[in-house]
Amino acid sequence: MMKFILNTGRTIWQGEAIEAGKNLDLYVKAAGVAYINEEDMEKLGVKEGDKVKVKSEYGEVVVYVKKATERMPEGMIYIPMGPWANSVVKPDTHSTGMPTFKGYPGFYVEVEKTDEEFLDMRALMRKKYIESVE
């Protein structure tokens with residue numbers, strides 16, 4: 001397990017997938033991922049397509065590993081905005097309806113390789129927002 005600074009935001013692929021439909025596999029492949037630089041992938045013992053569990057004080061989620069296509073500092077991961085990122089970021093929306101994806105530098109998460117099941121958006125939303133309150 002390693003600690004990383006979590007960075008989130010929009011990507012062109014995530015934006016395209018939202019327009020196509022959030023229930024499509026295209027969206028899962030665009031947003032259910034963590035971009036990690038090659039050096040950190042080696043340290044974690046993962047390769048592109050492996051699954052990692054990302055944990056924070058707000059929750060945890062399983063996502064697929066993607067090799068960062070742009071240079072990222074070692075010790076940082078990037079998860080595109082969406083339900084997977086929502087599972088680990090601060091849920092306070094400050095009355096905007098948008099979780100706190102940005103604005104708190106030094107927000108650390110723990111990341112480890114896993115064989116746990118990846119949940120698509122429907123299953124993830126059900127687990128986080130329906131089953132957790134039943």
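That block above? That's the structure.
Residues numbered from 1 in each chain as written. Predicted model: local features only at pLDDT ≥ 70, side-chain atom pairs only at ≥ 80, totals over all residues. Heavy atoms only, no water.

A.B. asks: Explain the overall build of the protein to me, please; I cannot follow it from the model alone.
C.D. replies: The helix and strand inventory of the protein stands at 5 helices and 6 strands. Beginning at the N terminus, the succession of helices and strands in the protein can be written as β-α-α-β-α-β-β-β-α-β-α. Relative to its full complement of 134 residues, the protein shows a buried share of 43%. In the protein, the proportion of contacts linking residues at least 24 apart, taken out of those at least 6 apart, comes to 73%. On the protein, roughly 7,800 Å² of surface is accessible, and the fraction owed to carbon and sulfur atoms is 51%. (Helix = DSSP H or I, 4+ residues; strand = E, 2+ residues; numbered from the N terminus. Buried < 20%, exposed > 50% of the residue type's maximum accessible area, 1.4 Å probe, protein only. Contact = heavy atoms within 4.5 Å. Areas by Shrake-Rupley, 256 points an atom, 1.4 Å probe, with all protein chains shown as cover.)

A.B. asks: I tried to follow the pairing of strand 5 (residues 76-80) on my own but got confused; where do I start?
C.D. replies: If a strand is regular, its side chains alternate between the two faces of the sheet. Taking burial as the measure, the 5 residues of strand 5 include 5 buried ones, the bulk of the element. The side-chain alternation of strand 5 yields two buried faces, one formed by Met 76, Tyr 78 and Pro 80 and the other by Ile 77 and Ile 79. Here strand 1 (residues 2-9) runs beside strand 5; their pairing, made up of 5 bridges, is parallel. Counterpart to Thr 8 in the pairing with strand 5 is Ile 79. Taken together, the 2 bridges between strand 2 (residues 33-36) and strand 5 define a ladder with antiparallel strand orientation. Within strand 5, the position partnered with Ile 36 by the bridge is Ile 77. (Pairing = 2+ DSSP bridges.)

A.B. asks: Before we go on, may I ask you to explain a nonpolar patch on the surface in this structure?
C.D. replies: Nonpolar side chains collect at one region of the surface, where Met 125, Tyr 129 and Ile 130 lie side by side and expose about 260 Å² of accessible area between them. Mapped onto the secondary structure, Met 125 falls in helix 5 (residues 121-131). (Patch = residues over 30% accessible without salt bridge, like charges linked within 9 Å, V, L, I, M, F, W, Y side chains within 5 Å. Salt bridge = Lys/Arg side-chain N within 4 Å of Asp/Glu carboxyl O.)

A.B. asks: How should I be thinking about the sheet that holds strand 4 (residues 59-67) in this particular structure?
C.D. replies: Strand pairing in a sheet takes place through backbone hydrogen bonds and is either antiparallel or parallel in direction. Ordered in space as 1-5-2-4-3-6, the 6 strands form a closed barrel in which the pairing is mixed. For this sheet, the mean angle separating the axes of adjacent strands, direction not counted, is 45 degrees. (Axes fitted to C-alpha atoms, helices over the stretch in contact; angles between N-to-C directions.)

A.B. asks: Would you mind going over the pattern of salt bridges with me for this structure?
C.D. replies: When their charged atoms lie close together, side chains carrying opposite charge are able to pair. For the structure on display, the rule yields 9 salt bridges. We note a salt bridge from Asp 50 to Lys 47, for which the minimum N-O separation is 3.2 Å. The class of Asp 50 is buried, set by a relative accessible area of 13%. Residue classification places Lys 47 among the exposed positions, given a relative accessible area of 54%. For Lys 53, the salt bridge is made with Glu 60, and the minimal N-O distance between the two is 3.4 Å. You can call Glu 60 partly exposed: its relative accessible area is 41%. Each of Asp 40, Lys 43 and Glu 74 takes part in one network of salt bridges that share partners.

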